[in-house]
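A structural walkthrough
One-letter residues, chain by chain:
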Amino acid sequence: MNNITINKIRDSMLCINIAACLFTMLVILKTSRTICVFQKAVDFFNSTERIPVKPDSAFLCSVLLCSCFVITHSARQFVFADSKVPVYITLGIDMVLNIALLKVTDCNYNGFILWLLANCIYYIDNKWKYFAMTAGIFLFIFSNYDFITIYYPLFSIRSYILFYLKNTQNLLLFIYYGFSSLNLICFLVFCMHVIQRQRGIIGVIHRLYQKLRTANTELREYADMKEKMGQMKERNRLTMEIHDTLGHSLTGISVGVDTCIAIMDTSPEKARAQLQVISGVAKNGLEELRRSVSMLKTDGLDGVNFEDAVRNMLDRIKEATGISIRFSCTVRLNLTKEEQNAVFRIIQESVTNAIRHGKATCIGIMLAERNGNLDITISDNGKGCSHLEYGFGLSHMQERIDQLKGSIEFNTTGGFTVHAQIPLQGRSLE
């Protein structure tokens, strides 16, 4: 149930209460003047226990108090709608106004207390709501005219209404009790709307809770799936690292050992020196393998200049195999760690393939900038191949380039050529 309907009910209750209160005091004022005009005071005094001392003043006070109710109600609804403290202050003022109005009217009308209760229910949303409601209920019960007159004499509007003829009495009593009944009905309707709204809120909360549970379950499943994907990604990464590291090292060792076997009888000293180089390559490969397995970092390039790392790797393979390798870099590289790792591994894998499969004796490597891309070209004078098959190494090169949203091509004519491009995304290479 929306707030507009509830606000309309509270506005209606305010109008009904003002009309009932002013009607009560107007009947007393008008009857008092009629009694004086027709000189019926003695008969009237004999039929009632108490009369207001100053009916005119009582009526004006009622008008003033009703005006104050309108002011506090408007302040809550239009001025302090979003501020709790001023709203609570106006509710406290309404409580004082209610007590003053009960005093002025001698408890002949206490319907404003129901309107105050409705406002407390609507505005107070914490533990103070129950305290305010309890205080309002007690005030409504103990301000009842019939209850108070048991212990304390009050003037009665019924006495003033009974002064008139039968038809007039019936009309005035109908209006008086009609206002009270309408006020009570509006209060009950207000409570029903509030209950329905609370039930609606509870229903919404329940549905949101169910959605939250479903989302939580889906999130947990997604987290599990992401964890498994992360584990698979790390396994694939570890596989690539081991393949690149071991493949490169073992290729250098294999070629170097073959060279040692060939020169062992004719040149033992050269063979010994070559074996020492091969030992260094083996130790370096083992160190890189341990680093990849234990830390799963890019490739041990942290803290080392990228171009120097590439040259050192190429120098080791040249020393181990005796193959001619030319490396040319016409730009100062400004790459991310992922890009450095990809370029390093592509060069390493290409050199390994050229030695292992292409039986190449000369390899050329060039890094340059073209059209905003890092251009990588690796070519050899090996035997090439008539039919290109994507093995583990070529597949990993393709995967690394795809992750960087680049491109890679392989040419098997006149040896083997790897040509790759990596977009720099607005970054310039100095």
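Summarised in this report is the structure supplied together with it. Predicted model only: the values in this text are computed from it and were never measured.

Calculation rules
Residues numbered from 1 in each chain as written. Predicted model: local features only at pLDDT ≥ 70, side-chain atom pairs only at ≥ 80, totals over all residues. Heavy atoms only, no water. Helix = DSSP H or I, 4+ residues; strand = E, 2+ residues; numbered from the N terminus. Expected span 1.5 Å × (residues − 1). Buried < 20%, exposed > 50% of the residue type's maximum accessible area, 1.4 Å probe, protein only. Core = buried A, V, L, I, M, F, W, Y, C linked by side-chain atoms within 4.5 Å. Contact = heavy atoms within 4.5 Å. Polar contact = N/O pair within 3.5 Å; in protein donor to acceptor, adjacent residues only side chain to side chain. Phe/Tyr/Trp six-rings, centres within 6.5 Å; stacked < 30°, edge-to-face > 60°. Lys NZ or Arg CZ within 6 Å of the ring centre and 35° of its normal.

Let us now look at helix 5 (residues 112-123). Given a rise of 1.5 Å per residue, twelve residues ought to cover 16 Å, and the 16 Å separating the end C-alpha atoms of helix 5 matches this to within 8%. In terms of burial, helix 5 is a largely internal element, twelve of the twelve residues being buried. Three or more residues of helix 5 are buried, namely Phe112, Ile113, Leu114, Trp115, Leu116, Leu117, Ala118, Asn119, Cys120, Ile121, Tyr122 and Tyr123.

One finds Met13, Val27, Phe69, Phe112 and Phe190 to be the most contacted residues of the largest nonpolar core, which totals 47 residues. Taken together, the elements giving at least two residues each to this core come down to helix 1 (3-37), helix 3 (55-79), helix 4 (84-105), helix 5, helix 8 (157-161) and helix 9 (166-263). Per-element tally for this core: the top contributor is helix 1, with 13 residues. In this structure methionine 13 touches Leu114, Trp115, Ala118, Asn183, Cys186 and Phe187, once residues within four positions along its chain are discounted.

Attention now goes to the side chain of serine 143. For serine 143, the position within the fold is in the loop between helix 6 (128-142) and helix 7 (145-148). Classification of serine 143 as buried rests on a relative accessible area of 2%. Looking at serine 143, its side chain comes within polar contact range of the side chain of asparagine 110, at 3.0 Å. Reaching out from serine 143, the side chain makes a polar contact with the backbone oxygen of phenylalanine 140 at a distance of 3.2 Å.

To continue, consider the packing of aromatic side chains. In the structure shown here, the tally under the stated rule is eleven aromatic pairs. Between phenylalanine 147 and tyrosine 151, the aromatic rings sit 6.1 Å apart at their centres with planes inclined by 65 degrees, giving edge-to-face as the arrangement. With a relative accessible area of 65%, tyrosine 151 lands in the exposed category. Centre to centre, the rings of phenylalanine 410 and phenylalanine 416 are 6.1 Å apart; their planes meet at 35 degrees, and the pair counts as tilted. When its relative accessible area of 15% is taken as the criterion, phenylalanine 416 is described as buried. What links up through ring pairs into an aromatic cluster is the set Phe138, Phe142, Phe147 and Tyr151. The ring of tyrosine 122 is capped by arginine 10, whose NZ or CZ atom sits 4.4 Å from the centre of that ring.

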